[in-house]
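Single-letter residue listing:
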Amino acid sequence: MADPHLSLQGRLLSLEGRYAEVALDVEARLTQGSLVQFQSAETLYLGAIESASANRLRVLIEHSVNLERAAAIRRLWNTDSPF
C-alpha cells in the first residue's frame, strides 16, 4: 500500500473528458481505486486511479478546482468589509 501522503513528480500527458493520463518521473506501486491529487498551473484535479503501470497512470477525474477562482473566493472570505 502506498503512503497516503506520498508526493511524486510527473507530467500530465493528456486530459480528455473525465480522464487524465499521467507519466510519473519514477516507478511507483499505486493500485486501482487509490485517490490522487495533481495540479497544473491553473487547475487542481482530484480523482481515482483507473489503471496503473510502473510509471503511468490513467485517472478518472472526479473533481477539479480552478485555482484562480479559488484564490478570489479566499480573498473575499478574508476581507473585513461587508458585501
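Residues numbered from 1 in each chain as written. Predicted model: local features only at pLDDT ≥ 70, side-chain atom pairs only at ≥ 80, totals over all residues. Heavy atoms only, no water.

Trainee: How would you summarise the packing of aromatic side chains if you had to cite specific residues and measurements?
Mentor: Enumeration according to the criterion identifies one aromatic pair in this entry. Both rings, one in Phe38 and one in Tyr45, keep their centres 5.2 Å apart while their planes meet at 25°; by these two values the pair is stacked. By relative accessible area, which is 17% here, Phe38 ends up buried. Accessibility expressed as a relative area gives 10% for Tyr45, which makes it buried. The lysine or arginine in question, Arg58, covers the ring of Tyr19, its NZ or CZ lying 4.1 Å from the ring centre. (Phe/Tyr/Trp six-rings, centres within 6.5 Å; stacked < 30°, edge-to-face > 60°. Buried < 20%, exposed > 50% of the residue type's maximum accessible area, 1.4 Å probe, protein only. Lys NZ or Arg CZ within 6 Å of the ring centre and 35° of its normal.)

Trainee: Describe the sheet that holds strand 1 (residues 10–16), and please don't skip the residues or the numbers.
Mentor: With respect to topology, five strands assemble into an open sheet ordered 1-2-5-4-3, the strand pairing being antiparallel. The open sheet terminates on both sides in strands that have one partner only, identified here as strand 1 and strand 3 (35–39). Recorded for the sheet is a direction-independent mean angle of 35° between the axes of neighbouring strands. With six bridges joining them, strand 1 and strand 2 (residues 19–24) adopt antiparallel strand pairing. The residue bridging Ser14 from the neighbouring strand is Glu21, located in strand 2. (Pairing = 2+ DSSP bridges. Helix = DSSP H or I, 4+ residues; strand = E, 2+ residues; numbered from the N terminus. Axes fitted to C-alpha atoms, helices over the stretch in contact; angles between N-to-C directions.)

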